[in-house]
Amino acid sequence: MKPTHITRALHAVLLANTIHIASVAVAAAPEELRSLVTGRVEAEYSSLFSIYTNLHAHPELSFMEVKTAALVAGELRGLGFTVTERVGKTGVVGVLNNGAGPTVLVRADMDGLPIKENSGVPYASTDVVKDISGEDQPAMHGCAHDTHIAGLIGTARVLASLKDRWSGTLVLIAQPAEEIVAGARAMLKEGLYTRFPKPDFAIALHTTSILPAGVIGYGEGPFLASVNSMDILVRGVGGHGSAPHTTKDPIVLASQIVLALQTIVSREVKPGATAVVTVGTIRGGLKRNVISDEVKLELTLRAFDDKVMEQLIASIRRICEGLARAAGVPDNRLPVVTLTPESVGVTSNDPALTRRLTAAFNEWLGTDRVKLHPPITGAEDFSEFGRTAEKLPICMWWVGGTDPAKFAESGRTGVPVPSNHSATFAPVPEPTLKACVTSMTAAVLELMGNARTAQPKAR
Ligand SMILES: [Zn+2]
Ligand SMILES: [Zn+2]
């Protein structure tokens with residue numbers, strides 16, 4: 001936090017003496033840079049608004065983001081980036097080399113969700129599109145990834161126009177398929193860190209209903225949970241419903257397993273550690289007088305600590321096998337426990353990087369618009385960018401999207417505002433989009449900018 005105080009003190013001195021400001025114009029770089037960026041963001045806003053509403057009206061589903069990818073690629077090319085398309089199916093990588101300095105990766109995700117929109121905004125989606133399996137689905141930007149893409153384009157435009165104010169290599173990526181937590185892995189697998197300049201930092205923002213529009217939420221360490229999707233196939237020995245003694249009933253066994261799983265969080269996980277074990281579906285049986293052969297359970301697991309997640313998985317395996325054995329299920333019919341690919345680790349914000357960016361947000365946006373936020377049990381595949389062998393420092397922050405009046409009303413009434421992934425969620429475009437561009441630009445300039453080194457003592 002020290003550099004912030006030094007800078008603030010310096011500003012106070014400079015602001016107190018207008019003659020000094022005039023005589024050391026370059027020295028007042030941070031203030032001047034901020035107002036320059038604010039002006040650029042204002043100038044770009046109507047264009048970004050129309051990009052945003054167009055994206056919102058025409059969402060594309062995971063790994064099907066063809067038009068969105070083409071839009072980003074065209075924009076970045078026009079700004080002088082070297083652009084590579086189809087990195088991880090529909091992913092886009094734009095690289096802007098701008099002299100010596102760090103390499104910073106900025107990630108925005110592109111996909112919408114298979115939800116029929118009911119937000120009531122004039123640019124609401126009515127589209128029905130193909131998902132990756134070829135099925136028709138209603139589509140909605142229910143997680144505000146459209147604001148991330150509009151924000152990425154805005155950030156690219158602002159930074160491309162201020163190339164004399166930063167140096168290093170900027171890598172902007174439009175990532176596919178976040179909603180199925182597959183896009184980040186797909187891009188990494190196709191050489192994101194080997195075919196392109198290897199980043200020193202990876203940063204991203206996410207627009208959210210849980211903060212008023214324009215407010216930034218930050219947190220060091222665990223910021224979003226790890227999620228594991230698990231399938232359990234409970235197998236028994238079927239038979240006639242009138243003769244249970246000749247069977248091993250998987251419905252009874254599955255019922256015991258569901259109840260026993262509830263004791264993992266309450267009895268096995270250390271109090272204070274966050275963990276969720278939810279059995280979301282249970283399907284078994286076809287007819288009342290038939291004891292079926294199998295029951296299928298679908299679970300979601302959440303934790304903020306990889307060790308806790310490992311504990312949950314091990315406990316579930318133990319309980320399934322133990323209860324099946326207790327029920328006398330033969331060895332070759334024991335439950336099959338599978339982790340599906342829709343699983344991802346904890347998103348853990350690098351503390352030093354987070355502190356640095358938070359100090360910049362405070363300076364750029366004012367402390368009343370920058371709030372510490374506790375971790376949430378949602379998950380993000382942005383975490384993958386920090387989980388490779390390189391162990392890159394990563395940081396994601398929230399950008400509030402909820403109308404402040406509605407947010408305040410919700411606080412009074414206790415009625416929650418529509419959340420991300422709800423059919424009625426619709427962030428207010430202003431100031432949300434401006435906060436996306438401003439916070440991302442501030443973050444990049446903090447990491448790559450030369451404003452701080454242009455202080456009077458350095459000249
Ligand atoms: Zn989402
Ligand atoms: Zn999202």
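These figures come from a predicted structure and were not determined experimentally.

A. Examining the coordination of the zinc ion (ligand 2) more closely. Every protein donor of the zinc ion (ligand 2) is listed here as Cys-143 (SG), His-145 (NE2) and His-206 (NE2), and their distances to the metal cover 2.1 to 2.5 Å. The sequence motif formed by the donor residues of the zinc ion (ligand 2) is C-x1-H-x60-H. Between the zinc ion (ligand 2) and the zinc ion (ligand 1), both coordinated by Cys-143, there is a metal-metal distance of 3.1 Å. Separated by 63 residues along the polypeptide, Cys-143 in the loop between strand S5 (136–138) and helix H5 (145–160) and His-206 in strand S7 (residues 201–212) bring together distant segments of the chain. Each of the two residues, Cys-143 as well as His-206, counts as buried.

B. Highlighting the environment of Met-440. For Met-440, the position within the fold is in helix H11 (residues 429–448). Since its relative accessible area comes to 4%, Met-440 is described here as buried. Taking the C-alpha atoms as reference points, Met-440 and Ala-204, 236 residues apart in sequence, are found 7.8 Å from one another. Met-440 has contacts with Val-106, Thr-155, Ile-203, Ala-204, Leu-205 and Trp-397, leaving out every residue within four places of it along the chain.

C. Local environment of the coordination of the zinc ion (ligand 1). Around the zinc ion (ligand 1), the donor atoms from the protein are Cys-143 (SG), Glu-179 (OE), Glu-179 (OE) and His-421 (NE2), and they sit 2.0 to 2.7 Å away. In this structure, the zinc ion (ligand 1) is coordinated by four donor atoms arranged in irregular fashion, with angles at the metal of 52 to 149 degrees. Exposure remark for Cys-143: the relative accessible area of 7% places this residue in the buried category. Exposure remark for Glu-179: the relative accessible area of 16% places this residue in the buried category.

Parameters at a glance
Residues numbered from 1 in each chain as written. Chains lettered and ligands numbered in written order. Predicted model: local features only at pLDDT ≥ 70, side-chain atom pairs only at ≥ 80, totals over all residues. Heavy atoms only, no water. Donors = N, O, S within 2.8 Å, 3.2 Å for Na, K, Ca; no water. Helix = DSSP H or I, 4+ residues; strand = E, 2+ residues; numbered from the N terminus. Buried < 20%, exposed > 50% of the residue type's maximum accessible area, 1.4 Å probe, protein only. Contact = heavy atoms within 4.5 Å. Tetrahedral: all angles 85-135°; square planar, octahedral: opposite > 155°, others 65-115°.

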